[in-house]
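The residues making up each chain are set out below.
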Amino acid sequence: MKQQIIKKDAFNDRILQELQINGRISNAELAEKINLSPSTCLRRVQELESSGVIKGYRAILDSELMGNGFIAYVEVGLSEHTMAAQQHFEREITLAEEVKECHNITGSSEYLLRVETKNLKAYKVFHSNKLGAIPQIRIITTHVVMDSPKDDRA
C-alpha cells in the first residue's frame, strides 16, 4: 500500500538529490549542504522515510567484481494472459537469483527482466533450466548488454 504523498518543495528535492548521491551522508553534513538546521533536516528526512518516498538505503555492488560479467535484458511473453499465469510466473522468477529486476510491461511482451550471470555459458544454463522450465512462457527474447554509458543505479 502506498503512503501519503509528501509535499514537494525545494528543500525536500535537495535532500532527496543529496541522499541519492550519498545515502551515508551524516545529518549534519546534509543539513549544511542544503542550508537547514540539523533538527529541521532530520525531521524532513524522517518524514520522507515514514511517508515511503525514501524506500530504504542499500549498497550498490559492482556486478563484474561480484563475478557476474554477463548482463542481459530479457523480454518474456506468456502463453496465457490470465492472472493465475502471471502469478505463477512471478513466483517462479522471484526464486531465480540471476534475475535482479522483473518488470511487468506493455507491448509485445509481458515482462522485462534484468539478468546477471557469470558468463554466456551460465546464462545459457539459466535460459534452459530456469526460464525454460516455466510452462507459462511462450517466447524469450534476450538483449545482451555490451556497455552501460549511463546507469543511475550505480
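Just so we're clear, the structure is a prediction, and the values are computed from it rather than from any experiment.

## Re the pairing of strand β3 (residues 111–117)
Most of β3 is tucked away, with 6 of its 7 residues classed as buried. In terms of strand pairing, strand β1 (residues 70–78) meets β3 through 7 bridges, oriented antiparallel. Across the sheet, the residue bridging to Tyr73 is Arg114, located in β3. The sheet contact formed by strand β2 (residues 99–104) and β3 spans 5 bridges and is antiparallel. Each residue of the ladder has a partner; that of Val99, found in β3, is Val115. Between β2 and β3, which pair antiparallel and follow one another directly, the connecting turn spans 6 residues, one of which, Gly107, has a positive phi of 115°.

## A look at the side chain of Asn68
Its location among the elements puts Asn68 in the loop between α3 (38–50) and β1. The class of Asn68 is buried, set by a relative accessible area of 19%. Apart from the residues lying within four places of it in its own chain, the contact partners of Asn68 are Ser63, Lys100, Glu116, Thr117 and Lys118.

## Focus on unusual backbone geometry
Despite not being glycine, Asn35 has its phi angle at roughly 65°, a positive value. Along the chain, the position of Asn35 falls in the loop between α2 (27–34) and α3. We classify Asn35 as exposed; its relative accessible area is 66%.

Calculation notes
- Residues numbered from 1 in each chain as written.
- Predicted model: local features only at pLDDT ≥ 70, side-chain atom pairs only at ≥ 80, totals over all residues.
- Heavy atoms only, no water.
- Buried < 20%, exposed > 50% of the residue type's maximum accessible area, 1.4 Å probe, protein only.
- Helix = DSSP H or I, 4+ residues; strand = E, 2+ residues; numbered from the N terminus.
- Pairing = 2+ DSSP bridges.
- Contact = heavy atoms within 4.5 Å.

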